Amino acid sequence: MRIAVAFKAVPDAQDVQVAGDRTLDFSKAKLTISEYDKNALELGAQLADEAVAITVGGKDIDNSKLKKDVMARGMGHLYMAADDALADLDAAATAAALVDVLAKAGDVDAVICGDGSADNYLQQVDVQLAEKLGWPVVTAACKVEVNGSTAVVTRALEDCTEVVEVELPAVISVTPDVAEPRIPGMKDILAAGKKPMDVAGADNAPAAALTTVECLAPEQVARKQEIVDAADDGAIEKLAAAVKAAL
Amino acid sequence: MDFNLTDEQQMLLESVDEFCERYFTEDVVKKMYEDHGMPQEIAEAYRDAGFGLMGIPEEYGGIPMDRVTIGLMIERLYQKSGCMHILYQNSLSMFDIMEFGTEAQKQEAMDHYMETGWPIASLSISEPGAGSDNRSMTTVAKKQADGTYKLSGQKTWVTMGEKLPYTIVVAKDEDPSHDNGNMSLWFVKMDTPGVSTAPLHKIGQQCIPFCEVYLDDVVLTEDQRMGEPGKGFMMLMKNFEVERSYIVAEQVGLAQAALEDAAKYANQRIAFGKPITRLQMIQELLADMEIKVQNTRNMLYKTLWMMDNDQPVQLESAMLKRYGCKACWEVADSALQIYAGLGYTTEVRVGRLWADMRGNMFGGGTHEVMAYIAGRQVAKKYAE
Amino acid sequence: MKALVIAEHADVARELAGGARELGADEVSLVCFGGAVEGASDKVLNVAVPAGALVDDAAYALVDVANAADVVLVEATRRGKVIAGRLAAKLGTAAAGATVELTAEGGRGTYFGGVAERVQKSAGDKQVYIVAAGVCDASKAAGAGAAEDVAWVAPERAAKVTGNVERQKTAADPTKADVVVSAGRGFAAEEDLQKARDLAAKLGGAIACSRPLTEGVNWLPTELYVGVSGITVTPKLYIAAGISGQMQHMVGANRSATVIAVNKDKNAPIFKQCDFGIVGDLNEILPALTAAL
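Here is what the cut-offs are and how they apply
- Residues numbered from 1 in each chain as written.
- Chains lettered and ligands numbered in written order.
- Predicted model: local features only at pLDDT ≥ 70, side-chain atom pairs only at ≥ 80, totals over all residues.
- UniProt positions renumbered as here; feature names shortened; annotations may be inferred.
- Helix = DSSP H or I, 4+ residues; strand = E, 2+ residues; numbered from the N terminus.
- Buried ≥ 20, exposed ≤ 12 C-beta atoms within 10 Å, placed from the backbone.
- Contact = placed C-beta atoms within 7 Å.
- Core = buried A, V, L, I, M, F, W, Y, C linked by C-beta atoms within 7 Å.
- Domains from an automatic or database assignment.
- Nonpolar A, V, L, I, M, F, W, Y, C, P; charged D, E, K, R; others polar.
- Expected span 1.5 Å × (residues − 1).
- Pairing = 2+ DSSP bridges.
- Axes fitted to C-alpha atoms, helices over the stretch in contact; angles between N-to-C directions.

- In the annotation of an unreviewed UniProt entry, the entry for chain B reads Acyl-CoA dehydrogenase, and the organism field reads Senegalimassilia anaerobia.
- In its Cofactor (unreviewed entry) section, the UniProt entry covering chain B states "FAD".

In structure tokens:
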């Protein structure tokens, strides 16, 4: 069984700085694999005979360490479109660009996506990609079993747990507890750079479906920040008073 | 000069970070110090990630690796776990087996490691009357009429001696007298008749217990000998240089942890109406701590790089051990000073780091002996 | 202007219908997969989901209605997001998130786990928004609710539901409570959670948690997890016990009127984001507080 895992390269949120005018400064942030995509990579590596990684993004995602990091997580081949025409895409445009990349990756039985990207977390690329491919999509998968050409997927929904059978090929997006990401071992790390990686530019420049009106750090809610130590005299009484005052 | 790390080195360090974050949680570390051990799942995860295979030859399933990268790994492992566990220390005995062991010993050691995640053997070198002064050693192996050997003597400060199935014993050949410098290494199973142990209680490093090992007429066969007869101590000494460096890697990692804790605390701690980092006395402490950590790190990387490039490091490794272990312990001491009363409680880990690191000022050779080794080399270096 | 509202919960459907009115909709059609919603919209569309079909696939039945609408508001549930994504694809756009606010300007959602908030809208003339519970005002919802049946349209390759287990909701809903006692990593053992439950019971509130307690250890169900990929709560009082105060968690809690923090680490970021904080062991503080109230 051959599986493509779609992942996103994002700036490491820990290094994103907020400027005085509340805009975000990404200049110090290194690119990293979006956190929940690591669970998707792990599941892909566990389920597939051959797992390939696919991604699209700006020219900067053609980064040797990032690519090796993906390959060290059980991927056999990387197909990447890195082009500034593909930077900061919305879900519709990302899905369109992924369709082009997937065409180069060859036939796959499934595309696995992560729970949501570290930046947008809108959970839309999986659905848009499935629509464009004409495939079914099953989201919120916390367990995936493959029986021949059928996947049995357990979905963790808000009010229930639903078991779904889906004929492959399909797009399946997974929750973080579907598989714990491996810690890339020394052998995986050394082998990563030797694996095949196809990096190309954009075949098409997808049109933006969304317009960004504003993107600013939220204004901090002013809190009183009255702090006491539990060992201080009357600390619990003060705490109880604070609770009563809030109600 | 290029101080950049390769992609692979950066990825290795990220994996070490993830490993430490996943396994060395506050509660686990606390329990390790109470129980004098380490959870089995940590040993297995460390093995599975291949960290413990670095530096072991490929034909035995190891991952050949340069010493700079191994040093980087050890440093980060101890920085991020923030405690003095066994993981790296005991790999030292694996290196000795790979270096001097017989084919059968090497294979057994690797099989044991892959199966359990623990190294196969402890190292029995020091004696109550002989540490760095190895000639004063009295443990001796005497050949018997039937071709076997009888091993007698007492070893001490044997780290993990009670926990691991074998110990590597260095013993004099035939004659225990001071004049005899011929020694051999022996691969001794702990359950052999005549081998017994008694625990010793440490003031720090409680999760890597050491013990005394008593050897009373232990019968050995020739196939238990490791390496060439008579050259035992010389062989061990060959590995001492790299081992000293790795101890410093451990020490500088722990010093970094103490420094970070202390600096964070100093930023938060208010005295006389302002954070204490605005007080010049504290600023001086922090500046000197950072200098010591950076100096040690630079000396460490340089020494490891020299070894990777087949340059002699008798002087450099001794200077590194002497300077680094002490300077890094001073960093922990200053960190404790910054925490003051709080640092002297078990509420924070700085006191534990301080006690753990104190042990590295003699473990692997006292810094007085390091001065003796380095001093002679310096004199020789500038001799006309 | 015409609006289509799609929800899984009746109370949220009502909110979204109110939101549609605030955007200026003069005709609101509403589909709810979780109970009847009366007097909230001009039309109520009945989509009967056949046995074994995924609610997600209702999107195909709604394509024509969506095409006729100017704006589509979909409740931010996992199924809702699939419906929103499919309709957006059919309308040639992408769904924008409105997890914080929805105005004519666009949908306001969190970005990078709350580092920023971003306002986005469709570049075309059709808008699709994914709207979280609590964002819109249900009181603005009104309408005769004329019923209309919409025929099911099966996709060419439909997935099948073969099993469904309702999650037992043992706990009160924190999104509706006045007091939320939220538990984090500071709880070392599962049985210690009883102390949080006892405090919540005393205050007539609900318990909630941060991600570590639901992912991995599974001490609490996912629907109680507060944060960027979980729920957002807006109580009068939020008591964060053993929660360090990472931004990814706090975005789900910082619209609470009052935040009280209990943490043993005095350097925890939560103490910069609370009104009242107490440094110490939650295992002692929580029972003492419960007793003192």
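Anyway, onward from the coordinates.
### Here we look at the overall build of chain B
In step 1: Assigned secondary structure in chain B consists of 11 helices and 10 strands.
In step 2: Overall, chain B is about 80 × 55 × 40 Å in size when its C-alpha atoms are taken along their principal axes.
In step 3: A total of 384 residues make up chain B; the buried ones form 47% of that total.
In step 4: For chain B, contacts bridging at least 24 residues in sequence account for 73% of all contacts bridging at least 6.

### What about the nonpolar core?
In step 1: If you look at the biggest cluster of nonpolar residues, it comprises 302 residues, and the most contacted ones within it are Ala332 of chain B together with Val5 and Val131 of chain C.
In step 2: Per-element tally for this core: the top contributor is helix α7 (residues 232-268) of chain B, with 16 residues.
In step 3: Not counting chain neighbours up to four residues away, the residues in contact with Val131 of chain C comprise Leu16, Gly19, Leu73, Val74, Glu75, Ala76, Ala98, Leu102 and Cys136 of chain C.

### A short note on the domain arrangement of chain B
Residue and element names in this part refer to chain B.
In step 1: Domain parsing of chain B yields domain 1 (7-116), domain 2 (121-230) and domain 3 (233-381).
In step 2: Here domain 2 and domain 3 have C-alpha centroids that lie 31 Å from each other.
In step 3: Taken residue by residue, the interface counts 10 residues in domain 2 and 10 residues in domain 3.
In step 4: Across the side of domain 2 that touches domain 3, the residue classes tally to five nonpolar, five polar and no charged.

### Considering the interface of chain B and chain A
In step 1: The partner chain A presents 12 residues to the 15 residues of chain B that form the contact.
In step 2: Examining the composition of the side of chain B that touches chain A, we find that eight residues originate from one element, helix α1 (residues 7-23) of chain B, more than from any other.
In step 3: When the residues that make up the side of chain B that touches chain A are grouped by side-chain class, the tally is eight nonpolar, three polar and four charged.

### Let's talk about helix α8 (residues 280-308) of chain B
Residues and elements named next belong to chain B.
In step 1: Across its 29 residues, α8 extends 42 Å between first and last C-alpha, which sits within 8% of the 42 Å expected from 1.5 Å per residue.
In step 2: On the buried face of α8, the contacting elements are α4 (67-81), α7 and α9 (314-339).
In step 3: Where α8 terminates, the next one or two residues include Asp310, which has phi positive at roughly 55 degrees.

### Some words on the interface of chain A and chain C
In step 1: At the junction of the two partners, chain A supplies 67 residues and chain C supplies 72 residues.
In step 2: Counting only elements with at least two residues in the side of chain A that touches chain C, the list comes to α3 (91-105), α4 (125-133), β9 (137-147), β11 (160-167), β14 (210-216), β15 (226-229) and α6 (235-246) of chain A.
In step 3: Looking at the side of chain A that touches chain C residue by residue, the class counts come to 42 nonpolar, nine polar and 16 charged.
In step 4: Strand direction decides the pairing type here: β15 of chain A and strand β16 (residues 276-279) of chain C, joined by four bridges, are parallel. Its bridge partner being in β16 of chain C, Ile227 of chain A is matched across the sheet by Gly277 of chain C.

### Digging into the sheet that holds strand β12 (residues 170-174) of chain A
In step 1: Overall, mixed pairing links the 10 strands, which are arranged β13(A)-β7(A)-β6(A)-β1(A)-β8(A)-β12(A)-β9(A)-β10(A)-β11(A)-β11(C) in an open sheet. Of all strands in the sheet, those bounded by a partner on one side alone are β13 (197-200) of chain A together with β11 (160-166) of chain C. Averaged over all adjacent pairs, the angle separating strand axes in this sheet is 25 degrees, with direction ignored.
In step 2: Pairing of strand β8 (residues 110-113) of chain A with β12 of chain A involves four bridges; the strand directions are parallel. Of the residues in β12 of chain A, the one forming a bridge with Ala110 of chain A is Ala170 of chain A.

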